[in-house]
Amino acid sequence: MLRLCSAKLGKLSILSMAQTLLVRPADLGSFQSRETTRGSYFIQTWGCQMNEEDSEQIGQYLRSISFSPAATIEVAHVIVLNTCSVRRKPEDKAFSMLGELRFLKQRRPEIVLGVCGCMAQIRADEIKRRAPHVDFVIGTANLSDLPNMVEEALQTRRFQKRIELPERKGAIVTDIPQRICGKQSKGKVKAFVPIQYGCDKFCSFCIVPSTRGRERSRPTLDILNEVASLAELGTKEVTLLGQTVNSYGKNLAEGHVPFSRLLWLLSDVPQLERIRYTSPYPRDFRTDLIQTIRDCPAVMEHVHLPMQHGNDDMLRAMKRQYTRASYLEIVEQLRAAVPSIGLTTDIIVGFPGETEAHFQDTLSLVRHVRFDGAYMFIYSPRPGTPAADLEQVPEAVKKDRLNRLVEIQNDITCQINRTYVGRTLEVLVEGESPKNPSLLQGYSREFKMVHFPGKLKTVGELVQVCVTESKLWGLHGERLSRSVSELD
């Protein structure tokens, strides 16, 4: 499953992986419209990498009708909240922000306010009832309608709702969301690229099939063209997105394209240095993918493989289509093929029916696998899912189990990170460290965050860093050599 839930619970967070619970405006300022600006926009994003990519698309759609990014939400003419529904907390945040925006819209009634994303898809009527000042609600499969909805809101001020999800049409699914490619003078160092939409797994705890629709894959040529365009603009690393990304390639008009084949095709894109993907589903993790991770230089030696639970009874209750033994077999095959591979995972505690004995099986699996990091979170009932109707584990028990799990995983992460001291890692320079601007930061191939001294002109370069210090949240090191750009 795509990383849809935040593992952040105050100090309990185990690993600050990229962009998992986003609560920030979309950074879309690199595009400059050639037309006269009609006003400005502000996008607030909660959720997963797919939501972040949706926000990129929303920004491009708004720029296509001559709106530009706003410095702050208070001055924006169009405000879009891109919401998440996988847990209750991001929904609460969205409704809270809608309440605050009511006062802003009272002062500035000309503002157009829209809500999109997973919460919009399944709670559109409730949004209208609780926040009547909202101008439009748009679902996850209808983003291409956004320019027309903004224009209509500016003219009529009538509430609009567009939340149709695609249905499976025979063997071939053709309802792929339209994507807009804006003209940018410079690409991002890293970019997300959706290759698949929706999900057919129907886990008993997950709302995604209701919010994103059934699984459908993008045509291979569309993906290759998009990645090639990004690489030409300077993107060095792409992360391929899908709810169960390694099941890519089914029901395509062009015929079945295995996920491993797509990775090899993308590895031939000129100027592209790195390929990541998230998140693969254990049942669909096959030998050809393991061989591709081993043999394809562009594919990074890191796998985020959601485990969810360590007990077979709980996995069956969750409707996960694998067992503890089959999961461990994948781990063993990965480490046999790529001994240096970084492994991270998702873990749910407090799922309905979980006993202490069930929970102990999760702890034993964590101790056995020794993950580099994990997203660990308390089960959050989602209305409309089968698990929401089951008898729930008491909240105090959930919190206690989460604390115990986090303590164990934190200790394992620290132990693993210490083994990196003295090693030399290839790091893609992403920019300054937010907490210490005197340091640069970037990820190693194994998805270890590394901080080191350097010059900002090296952003986008691959550098060699010798690790000198390890911490829970990452590594510190020193550059081994200087690049041409630093010598200029």
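Caption draft 1: Looking closely at the packing of helix α12 (residues 356-369) against helix α13 (residues 395-418). Interaxial distance between α12 and α13 falls to 10 Å at its minimum, and their mutual angle equals 10 degrees. Relative to α13, the element α12 is oriented roughly parallel. Each of Glu-356, Phe-359, Gln-360, Thr-362, Leu-363, Val-366 and Arg-367 in α12 lies in contact with α13, whose residues at this interface are Arg-401, Arg-404, Leu-405, Ile-408, Gln-409 and Ile-412. Class assignment of the residues belonging to the contact of α12 with α13 gives a composition of 6 nonpolar, 3 polar and 4 charged.

Caption draft 2: Quick look at the environment of Ala-337. You can see Ala-337 is positioned in helix α11 (residues 324-337). Given a relative accessible area of 23%, Ala-337 falls into the partly exposed group. Between the C-alpha atoms of Ala-337 and Arg-294, which are 43 residues apart in sequence, the distance is 6.1 Å. Apart from residues lying up to four places away in sequence, Ala-337 is in contact with Ile-290 and Arg-294.

Caption draft 3: Region of interest: the side chain of Thr-385. Tracing the chain through its elements places Thr-385 in the loop between β15 (373-378) and α13. Classification of Thr-385 as buried rests on a relative accessible area of 3%. A distance of 2.6 Å separates a polar side-chain atom of Thr-385 from the backbone oxygen of Arg-382. Every residue in contact with Thr-385, bar those within four places of it in the chain, is listed here: Ser-204, Phe-205, Cys-206 and Ile-207.

Caption draft 4: Seen up close, unusual backbone geometry. For the bond from Thr-278 to Ser-279, the omega torsion is -10 degrees, close enough to zero to count as cis. Along the chain, Ser-279 falls in the loop between β12 (274-278) and α9 (287-295). Its identity as a non-glycine residue notwithstanding, Ser-66 has a phi of 75 degrees, on the positive side. Relative accessible area serves as the criterion here: at 4%, Ser-66 is assigned to the buried category. Even without a glycine there, the phi angle at Phe-202 is positive, about 55 degrees. Relative to the helices and strands, Phe-202 is located in the loop between β9 (196-197) and α6 (208-212). The class of Phe-202 is partly exposed, set by a relative accessible area of 41%.

Parameters at a glance
- Each chain has its residues counted from 1, following the order in which its sequence is written.
- The predicted origin of the model limits local features to residues at a pLDDT of at least 70 and limits the giving and counting of side-chain atom pairs to 80 or more, whereas totals for whole chains, interfaces and linings rest on all residues.
- Computation of side-chain values: all heavy atoms of the structure, hydrogens and water removed.
- An axis is simply a line fitted to the C-alpha atoms; with a helix, the fit covers only the stretch in contact. Between two such axes, the angle follows the N-to-C directions and lies from 0 to 180 degrees.
- Secondary structure follows DSSP: runs of H or I at least 4 residues long count as helices, runs of E at least 2 residues long count as strands, and numbering of each begins at the N terminus.
- Any angle that falls under 35 degrees is termed roughly parallel, while one over 145 is termed roughly antiparallel, one within 65 to 115 roughly perpendicular, and all others oblique.
- Any pair of residues with heavy atoms lying within 4.5 Å of one another is described as a contacting pair.
- Residues are grouped as follows: Ala, Val, Leu, Ile, Met, Phe, Trp, Tyr, Cys and Pro are nonpolar; Asp, Glu, Lys and Arg are charged; all remaining types, including Gly, are polar.
- Only protein chains enter the accessibility calculation, which uses a 1.4 Å probe. A residue is then buried if its area is under 20% of the maximum for its type, exposed if over 50%, and partly exposed in between.
- For the purposes of these results, a polar contact is taken to be a pair of N or O atoms within 3.5 Å, where, inside protein, one atom must be able to donate a hydrogen and its partner to accept one; residues adjacent in sequence count only when each atom of the pair is a side-chain atom.

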